Amino acid sequence: MRLFVGLGNPGSKYEGNRHNIGFMVLDEMARRHGFSPWRRRFQGETSEGVLDGERVILLKPATYMNESGRAVQEAANFFKLGESDVVVFHDEIELPPAKVRVKVGGGIAGHNGLRSISSHVGNEYKRVRMGVGHPGVKELVHIHVLNDFAKAERPWVEALCDIVSDNAALLAQGKDSAFQNKVHLAMDAKGFGPKDDTSDK
């Protein structure tokens, strides 16, 4: 069993924020794979389903970003899951827009959601880092992530949510490199590949 956690802030005012791309991906995953209706529990919302034979619980913490770890810990304890069973989908300012990288453990790069999760369940969980770009100066980071994606960004955001969802079974099976490669190739095919990186910075 895997616990897929999407990071974001609850409430309609945050729905389109860059910080909420984790919620967006999980919503698409639940839709695309016919998961159960969302229901309130573990200080958040959950939806359940199966990806290529692997049972997966989707969790969107409702604790606000800075306390995400409370919800993750509660769900992980209930299902008796360890760090290695947890996969966290989150925004990453250190990556160019539309770029995706998967890693296990490592630093949190100032991300308060990751800081909370690491303090509650340990640091060796899997992170699916989804690039939202950097505003250029540290002082603008908070405003950047708590602002909605610009209209011009929405095509790649929708494509990324679709493609990550399509290939989510690879993450459930622990095939991280295959997942990353498939997402990269599919985004490239849609015109959101590396050639856009420099212009997006």
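Since the model is a prediction, treat every value here as computed from it, not as a measurement.

Describing the pattern of salt bridges
- Counted under the stated rule, the structure contains eleven salt bridges.
- With a closest N to O distance of 2.9 Å, E153 and R18 form a salt bridge. With E153 in the loop between α4 (141-145) and α5 (154-166) and R18 in the loop between β1 (2-6) and α1 (21-32), this residue pair connects regions lying 135 residues apart in the sequence. R18 carries the same exposure label as E153, and that label is buried.
- E48 is the partner of R41 in a salt bridge, and the nearest nitrogen-oxygen pair spans 2.4 Å.
- Judged by its relative accessible area of 15%, R41 falls in the buried class.

Examining the side chain of H111
- With respect to the helices and strands, the residue H111 is situated in the loop between β6 (100-104) and α3 (112-121).
- Judged by relative accessible area, H111 falls into the buried class, the value being 8%.
- Other than its neighbours up to four places away in sequence, H111 contacts L7, H19, M65, H90 and D91.

Observations concerning the pairing of β1
- Where burial is concerned, most of β1 is hidden: five out of the five residues are buried.
- Residues R2, F4 and G6 point to one face of β1 and L3 and V5 to the other, with burial holding for every one of them.
- Here four bridges tie β1 to strand β4 (residues 54-61), and the two strands are oriented parallel to one another. Directly across from R2, in β4, lies its bridge partner V56.
- Here β1 runs beside strand β5 (residues 86-92); their pairing, made up of four bridges, is parallel. The residue bridging V5 from the neighbouring strand is V88, located in β5.

Let's talk about the sheet that holds strand β7 (residues 126-131)
- The strand order across the open sheet formed by seven strands is β2-β3-β4-β1-β5-β7-β6, and the pairing between neighbours is mixed. The strands lining the two open edges of the sheet, one partner per strand, are β2 (39-41) and β6. The sheet shows a mean angle of 30 degrees between the axes of neighbouring strands, direction not considered.
- Strand contacts of α1: β1, β3 (44-51), β4, β5 and β7, with the helix running at about 140 degrees to β4, the strand carrying the most contacts.
- Relative to β4, helix α2 (residues 68-79) is tilted by about 150 degrees, and along the sheet it contacts β1, β2, β4 and β5.

Notes on the nonpolar core
- In this structure, F4, M29, F89, V128, L160 and F179 are the most contacted members of the largest nonpolar core, which totals 38 residues.
- It is α5 that provides the largest number of residues to this core, a total of seven residues.
- Residues contacting L160, with those up to four places away along its chain left out, are I21, A98, V100, M130, V183 and M187.
- Counting 20 residues, the second largest nonpolar core, distinct from the first, contains L3, A75, V88 and V121.

Quick word on the packing of aromatic side chains
- Scanning all chains against the criterion turns up six aromatic pairs.
- Residues Y14 and Y64 carry aromatic rings whose centres are separated by 6.1 Å and whose planes lie at 80 degrees to one another, so their mutual orientation is edge-to-face. Taken as a pair, Y14 in the loop between β1 and α1 and Y64 in the loop between β4 and α2 lie far apart in primary sequence, 50 residues in all.
- Overall, the relative accessible area of 19% leaves Y14 in the buried class.
- On the numbers, 5.7 Å between centres and 70 degrees between planes, the contact of F42 with F79 is edge-to-face. Linking F42 in the loop between β2 and β3 with F79 in helix α2, this pair joins segments that are 37 residues apart in sequence.
- F42 sits in the buried class, given a relative accessible area of 8%.
- Taking relative accessible area as the criterion, F79 reaches 14% and is therefore assigned buried.
- Site record: aromatic cluster; members linked through ring pairs are F42, F78 and F79.

Rules and cut-offs
Along each chain, the written sequence defines residue order, and numbers are assigned to residues from 1. With the structure being a predicted model, the display of local features is reserved for residues of pLDDT at least 70 and the display and counting of side-chain atom pairs for 80 or more, all residues being used for whole-chain, interface and lining totals. The basis for every side-chain value is the complete set of heavy atoms in the structure, and neither hydrogens nor water enter the calculation. For this analysis, a salt bridge means a side-chain nitrogen from Lys or Arg found within 4 Å of a carboxyl oxygen belonging to Asp or Glu. Helix numbers and strand numbers start at the N terminus; a helix is a DSSP run of H or I with at least 4 residues, a strand a run of E with at least 2. Only protein chains enter the calculation, and the probe is 1.4 Å; a residue is then buried if its accessible area is under 20% of its type maximum, exposed if over 50%, and partly exposed in between. Only heavy atoms enter the contact rule, under which two residues are in contact if any of them lie within 4.5 Å. A pair of strands is treated as paired once DSSP finds two or more bridges between them. To get an axis, a line is fitted to the C-alpha atoms, and for a helix only the part in contact is used. The angle between two axes follows their N-to-C directions and goes from 0 to 180 degrees. Only buried Ala, Val, Leu, Ile, Met, Phe, Trp, Tyr and Cys residues count toward a nonpolar core, and they belong to the same one when joined by side-chain atoms within 4.5 Å. Two rings belonging to Phe, Tyr or Trp (six-membered ring only in the last case) form a pair when the distance between their centres is within 6.5 Å. Interplanar angles under 30 degrees mark stacking, angles over 60 mark edge-to-face geometry, and anything in between is tilted.

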